[in-house]
Amino acid sequence: MTRYLHTMYRITDPERSRAFYEALGMEFRREMDIVRNGEREATNYFFGVPGQEEELELTFNHDGRSYELGTAYGHIAIGVDDLGGTLAQLKEQGIEPEREPYRVREGGSLIAFVQDPDGYRIELIDRGGK
């Protein structure tokens, strides 16, 4: 049987990334160092939505390299109970939505896009029915 497990992408500031994803309601689950030839090469940080097994794996490489997002990445989507409250928490970190929350179609969910500290787009979908 096939089962979706996780998505991974690279980050440059673990503390800022952790604050961002926790503001979205995700829980920090664990971290794991990658050690090669006795040297810590990278650290993986795992986050998840409470009550769900699937995870987001953020990888920080300790060699200081930077990354380009590329043109193929679109976004990940996260359902939140209170879009306004979530955006208020992110605003405390200096993170603003790309534009005011909106609906793609009449009667559709209220959504907003934000970028995490490394520029990855995150679609927030209001699941609270507002």
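Keep in mind that what you see is a predicted model, and the values were worked out from it rather than measured. (Residues numbered from 1 in each chain as written. Predicted model: local features only at pLDDT ≥ 70, side-chain atom pairs only at ≥ 80, totals over all residues. Heavy atoms only, no water.)

### Brief notes about the pattern of salt bridges
Here is step 1: All told, the structure shown has 10 salt bridges when counted by the stated rule.
Here is step 2: For Glu96, the salt bridge identified is with Lys91, shortest N-O distance 3.9 Å.
Here is step 3: Look at Glu96 and you get partly exposed, because its relative accessible area is 47%.
Here is step 4: What makes Lys91 exposed here is its relative accessible area of 52%.
Here is step 5: Residues joined in a network through salt bridges with shared partners are Glu27, Arg29, Arg30 and Glu55. (Salt bridge = Lys/Arg side-chain N within 4 Å of Asp/Glu carboxyl O. Buried < 20%, exposed > 50% of the residue type's maximum accessible area, 1.4 Å probe, protein only.)

### Things to note about the sheet that holds strand β1 (residues 6-11)
Here is step 1: Reading across the sheet, the 4 strands line up as β1-β4-β3-β2 and stay open at both edges, with mixed pairing between neighbours. In this open sheet, the two edge strands, each paired with only one partner strand, are β1 and β2 (27-36). Across the sheet, the mean angle separating the axes of adjacent strands is 25 degrees when strand polarity is ignored.
Here is step 2: Sheet topology note: the strand β3 (residues 39-48)/strand β4 (residues 55-61) ladder contains 7 bridges and is antiparallel. Looking at the pairing, Thr43 lines up with Phe60 of β4. (Pairing = 2+ DSSP bridges. Helix = DSSP H or I, 4+ residues; strand = E, 2+ residues; numbered from the N terminus. Axes fitted to C-alpha atoms, helices over the stretch in contact; angles between N-to-C directions.)

### Examining helix α2 (residues 83-91)
Here is step 1: Every buried residue belonging to α2 is among Leu83, Thr86, Leu87 and Leu90, and all of these are buried. The buried residues of α2 occupy an angular sector of 95 degrees when projected down its axis, which confines them to one face.
Here is step 2: Close packing links the buried residues of α2 with α1 (14-23), β5 (76-80), β7 (110-115) and β8 (121-126).
Here is step 3: By the N-cap criterion, in which a side-chain oxygen at the helix start approaches the backbone nitrogen of a residue two or three places on, α2 is capped by Asp82, the distance to Gly84 being 3.3 Å. (Arc of directions from axis to C-beta. Contact = heavy atoms within 4.5 Å. Polar contact = N/O pair within 3.5 Å; in protein donor to acceptor, adjacent residues only side chain to side chain.)

Without other data, these values stay purely geometric and don't point to any function.
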